[in-house]
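# Understanding the architecture of this molecule
What follows is each chain in one-letter form.
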Amino acid sequence: MTTGPNESRYFKEEHEIFRRSLRSFIDRELSPHAEEWEEAETFPNEVFKKMGQLGYLGASFPVEHGGAGGDVWYNVVRAQELPYCRSGGVVTGLIVQSDAATPIISKLGTPEQIEEFLKPALAGDRISAIGVTEPDAGSDVAALRTTAKKDGGDYVINGSKTFITNGTRADFITLAVKTNPDSKPPHMGISFVLLPTDTKGFTVTRKLKKMGLKSSDTAELAFDNCRIPQRYLLGQEGQGFFYIMSSFLTERLSICIGTVSAMKMVIADAIRYGEQRSVMGKVLTKYQYNRHRLAEMLTEAYAMEAMTLAACRKYAAGQDPTLEVSMAKLIGGKQSHELAQRCMQFYGGYAYMEEFPIARYYRDSKLMAIGGGAYEVMLLIISRLMDQLV
Amino acid sequence: MSYEMFTAEHEALRQRVRAFVQTEIIPRVDEWEDKGVPREVIARGLKFFEAQGAGQDKLAAAVLIEEISRAGSGGLAAGIIAHAAVALPLIRELGSEQQQQKYLAPGVVGEKLGAVALAEPTAVYKLSAIETTARREGDEYIIVGAKPAVVNGDRADYIIVSARTGENETSLSLFIVEANAPGLKKSPSRLAAWRSAGCADLVFTEVKTPAASLLGQEGEGLAPLMKSIEWERIASALSAASAAMEIWRETVKHTKERKVGAVPMFKTQEISFIVAEAVATITAATELAHEALWKHARGQRCSTEALAAKIYAAKCLSETVERAFQVFGPAGLVEGHKLERFARDARMAMLTSGGLGIEKELMAEQMGL
């Protein structure tokens, strides 16, 4: 480990090199298009391709899976830098590709599944989605109703999914299904399968209109007698619940890391605006009230960062970080939107216009307390696990 | 691979200090709130510290601070921190050989107790505005000024005092003044919190102190002062987060012992969610304090982090008290109840090192605003 005045507790020089390269890509190729993609309510498939070609998607995956073989901290760096593309929807689409739909394939996939699904996904050639949520079942995954019935050498899948990121254009879906709808307890009847979207009977029923994260496509999907070979079962039948929890974990961790950067970015934006805007003969950042609010906001961002890094640390050490991730998600769920609200005060009327990114962040940040497990779900998880801290 | 910063030795130290706090401090802590902490208890507490290089190792100091703070007496913790974590490291860092012999060796075994009087009411935000002066006369310095509410002030054997020694704004010097020096008047200050901290208002009326009592170089006190206050902020963040965590543990225990009707309290959703929300904030406060500690221990710049850690932990401690009261109900306010003592001392975290308002102002300055 490098020592000296700039030594980091977590990152080494190689991570910083990766960071600089990724950041320059983001500044060059992504952030200039933020407005355009928000307006279009999608972003080009080519973004996945470029991210894959440059090795950004697979940085932490094993070399034999098409990755670069880096440690967990490369993932952390990616999640830290992505929000600087200034479009939360792009971040979400990319995080699903690298941190939600694919890590579980790397963990459990057969050599054929890795060749067919994981490698092209990390190369950015095949876009992935993770299909868990249904109209009547979100974090309550035991209540899933989409079924997969064995028929000869196949599974026949029927049901529907909703709020699926990358849903309108995914080439395959890491899909949670009930292989045993009568299982008691119900959560032991769930399995994960890999479903190519060119399977007959698959339809994108609706592209959903969202409050925020507009540049990401979010869809409602239907499965009508979709027939896939049984070799597309991921891991073991009946173990899907645990795989879903594992996918939630990597996804939530990346969301939390990204939220820290977004919080810092929004504060920096507010300062930049406040330094130029004069009110009654004095720039905004020289007013004591504003100075103290900015100090409070940075304090909250630092606390969120420290909590998130604690979760990363545990994850990197190979321990179960569920409690820490849930805590970070809880804190982020409250703080990120509150921060947006407070920062809006700086801009006055301009905050309410679409001329500055703050209005967009205000909408996007609300999702932190809802998506990937709501605030109340985090409270439930923490209350179940907190005894280990007594 | 582990990314934890405390080593196995630190954890072993933690266990020893914890046992000491359990057996020797907690049973008598309420009694000491009225009578003051016996010197020999402080001395015994310091034995752990001596073994770890007497404050040289900031991580060991952090362990000591965290564990002592679990006793739930902010005053007792403040007294030990002022001596062991602030006074002794200043002497170790800046002291002459003679000063080290005179104060350090007896200091680490608790035979000599120190106090630190750095800031002043009008000079917390700007240390360069310190009004206490020291002028050289022959082999002595003459100190004139006042320092309010100094922790350990009524019981310390010596006081590290900051004073102005020149015209220049930054000409500050530090002195080790003997507590029995003629002209030094100590009036115990009766605070509603930190009762066992031994706080006293100090007035220096032409106090003569030998030239050899100058700590460090004349006129070069500002830098070590700033560094020391940065560390004090980290120390109080560690202390506040640890006290909050102890309140949380007591609260959880209570929810398992008590029932609401026929249902154990911890099984009621509202209560379990209050407790869950509390522990997330406390963990974040602890982690933030540890990030600042990690940097400070390596000599890295961390004044912004130290300020943020202090602000967040102080607020977290008071919030934790409020949440605990919701669980304990009025029972928590009964005199002699553990929560009552914790609650009394909790607000001090928001008032030390200038208080939150000053700290936010300092942070804004650090942010370049």
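Here's a quick rundown of the structure. (Residues numbered from 1 in each chain as written. Chains lettered and ligands numbered in written order. Predicted model: local features only at pLDDT ≥ 70, side-chain atom pairs only at ≥ 80, totals over all residues. Heavy atoms only, no water.)

We now examine the overall build of chain B. What chain B contains, in helices and strands, is 11 helices and 10 strands. What you see for chain B is a C-alpha radius of gyration of 21 Å, in line with the 21 Å of a compact globule of 369 residues. Each principal axis of the C-alpha distribution contributes one length, and for chain B these read about 80 × 45 × 40 Å. Counting only residues that meet the buried cut, chain B has 61% of its 369 residues in that class. In chain B, 75% of the contacts between residues at least 6 apart in sequence involve partners at least 24 apart. Counting only carbon and sulfur atoms, one obtains 52% of the accessible surface of chain B, whose full area is about 14700 Å². Between the centroid of the 43 positive side chains of chain B and the centroid of its 48 negative side chains there is a distance of 4 Å. (Helix = DSSP H or I, 4+ residues; strand = E, 2+ residues; numbered from the N terminus. Rg over C-alpha atoms; globule rule 2.2 N^0.38 Å. Buried < 20%, exposed > 50% of the residue type's maximum accessible area, 1.4 Å probe, protein only. Contact = heavy atoms within 4.5 Å. Areas by Shrake-Rupley, 256 points an atom, 1.4 Å probe, with all protein chains shown as cover. Lys, Arg positive; Asp, Glu negative; His and termini not counted. Charge placed at Lys NZ, Arg CZ, Asp CG, Glu CD.)

Moving on, we get to the environment of Ala301 of chain A. In this structure, Ala301 of chain A sits in helix 9 (residues 288-316). Ignoring sequence-local partners within four residues, the contact set of Ala301 of chain A consists of Val260, Met263, Lys264 and Ile267 of chain A.

The next point concerns the pairing of strand 4 (residues 172-178) of chain A. Residue and element names in this part refer to chain A. The element strand 4 is largely enclosed, with a buried count of 7 among its 7 residues. In strand 4, alternate side chains face the same way, and those of Phe172, Thr174, Ala176 and Lys178 on one face and Ile173, Leu175 and Val177 on the other are all buried. In the sheet, strand 1 (residues 128-131) pairs with strand 4 via 4 bridges, with the strands oriented parallel. If you follow Ser128 over to strand 4, its bridge partner there is Phe172. Here strand 4 runs beside strand 5 (residues 190-196); their pairing, made up of 7 bridges, is antiparallel. Looking across to strand 5, one finds that Val177 is bridged to Ser191. (Pairing = 2+ DSSP bridges.)

Moving on, we come to the state of the cysteines. Per the counting criterion, the structure on display carries 0 disulfides over all chains. The thiol sulfur of Cys302 of chain B is not disulfide-bonded, and the nearest other cysteine sulfur, from Cys316 of chain B, lies at 20 Å. Cys256 of chain A supplies the cysteine sulfur nearest to Cys316 of chain B, a cysteine that is in no disulfide, at a spacing of 18 Å. Of the residues examined, Cys316 of chain B reaches a relative accessible area of 2% and is grouped as buried. (Disulfide = S-S within 2.5 Å.)

Every contact between the two is made by 44 residues of chain A and, on the other side, 41 residues of chain B. For the pair chain A and chain B, the summed buried surface comes to about 3700 Å²; carbon and sulfur atoms form 64% of the total. For the chain A face of the interface with chain B, the top three residues by lost area are Arg9, Arg291 and Arg313 of chain A, together amounting to 18%. Counting across the interface, chain A meets chain B through 8 salt bridges. Between Asp387 of chain A and Lys256 of chain B there is a salt bridge, with the nearest N and O atoms lying 2.6 Å from each other. Along the contact surface separating chain A from chain B lie 15 residue pairs in polar contact (both at pLDDT 80 or more). Considering every element that reaches the side of chain A that touches chain B, the biggest residue donor is helix 9 of chain A, with 17 residues. A per-class count over the side of chain A that touches chain B returns 26 nonpolar, 8 polar and 10 charged. (Buried area = accessible area lost by both parts, 1.4 Å probe. Salt bridge = Lys/Arg side-chain N within 4 Å of Asp/Glu carboxyl O. Polar contact = N/O pair within 3.5 Å; in protein donor to acceptor, adjacent residues only side chain to side chain. Nonpolar A, V, L, I, M, F, W, Y, C, P; charged D, E, K, R; others polar.)

Before going further, it helps to examine helix 9 of chain A. Residues and elements named next belong to chain A. Compared with the 42 Å implied by 1.5 Å per residue over 29 residues, the 41 Å span of helix 9 between its first and last C-alpha is a close match. For helix 9, the tally of buried residues reaches 26 of 29 residues, placing the bulk of the element in the interior. Just beyond helix 9, the residue with positive phi is Gly318, at close to 80°. (Expected span 1.5 Å × (residues − 1).)

Here the focus is the environment of Ala100 of chain A. Residues and elements named next belong to chain A. Structurally, Ala100 can be placed in helix 5 (residues 88-100). For the pair Ala100 and Ile130, spaced 30 residues apart in the sequence, the C-alpha separation amounts to 6.7 Å. Other than its neighbours up to four places away in sequence, Ala100 contacts Ile95, Ile130, Ser247 and Glu251.

Residues and elements named next belong to chain B. Look at helix 5 (residues 74-94): 28 Å from first C-alpha to last across 21 residues, which is about the 30 Å you get at 1.5 Å a residue. By the largest-angle criterion, Ile81 marks the main kink of helix 5, which is about 35°. When you tally the buried positions in helix 5, you get 17 out of 21 residues, the bulk of the element. (Bend = angle between axes of the 7 residues up to and from the residue.)

Time to look at the pattern of salt bridges. Residues and elements named next belong to chain B. All told, the structure shown has 59 salt bridges over all chains when counted by the stated rule. A salt bridge links Glu250 to Lys338; its shortest N-O distance comes to 3.0 Å. Taken as a pair, Glu250 in helix 7 (residues 222-257) and Lys338 in helix 10 (residues 338-346) lie far apart in primary sequence, 88 residues in all. When its relative accessible area of 31% is taken as the criterion, Lys338 is described as partly exposed.

On to a nonpolar patch on the surface, then. A surface patch of nonpolar side chains, amounting to about 380 Å² of accessible area, comprises Tyr350, Tyr352 and Met353 of chain A. Positionally, Tyr352 of chain A belongs in the loop between helix 10 (322-347) and helix 11 (358-365). (Patch = residues over 30% accessible without salt bridge, like charges linked within 9 Å, V, L, I, M, F, W, Y side chains within 5 Å.)

So, on to the packing of aromatic side chains. Residues and elements named next belong to chain A. Per the counting criterion, the structure on display carries 18 aromatic pairs over all chains. When the ring of Tyr10 is compared with that of Phe11, the centres are 6.4 Å apart and the planes differ by 65°; the resulting orientation is edge-to-face. Residue Tyr10 shares its accessibility class with Phe11, and that shared class is buried. Both rings, one in Phe241 and one in Phe242, keep their centres 5.5 Å apart while their planes meet at 85°; by these two values the pair is edge-to-face. Residue classification places Phe242 among the partly exposed positions, given a relative accessible area of 40%. By the ring-pair criterion, three or more aromatic residues cluster together here, those being Phe18, Phe25, Tyr56 and Tyr74. Positioned over the ring face of Phe43 is Arg169, at 4.3 Å from the centre of the ring. (Phe/Tyr/Trp six-rings, centres within 6.5 Å; stacked < 30°, edge-to-face > 60°. Lys NZ or Arg CZ within 6 Å of the ring centre and 35° of its normal.)

Here the focus is the side chain of Ser318 of chain B. Residue and element names in this part refer to chain B. Here Ser318 lies in helix 9 (residues 303-328). On the accessibility criterion, Ser318 (17% relative accessible area) is buried. Excluding residues that lie within four positions of it along the chain, Ser318 makes contacts with Ala346, Arg347 and Met350.

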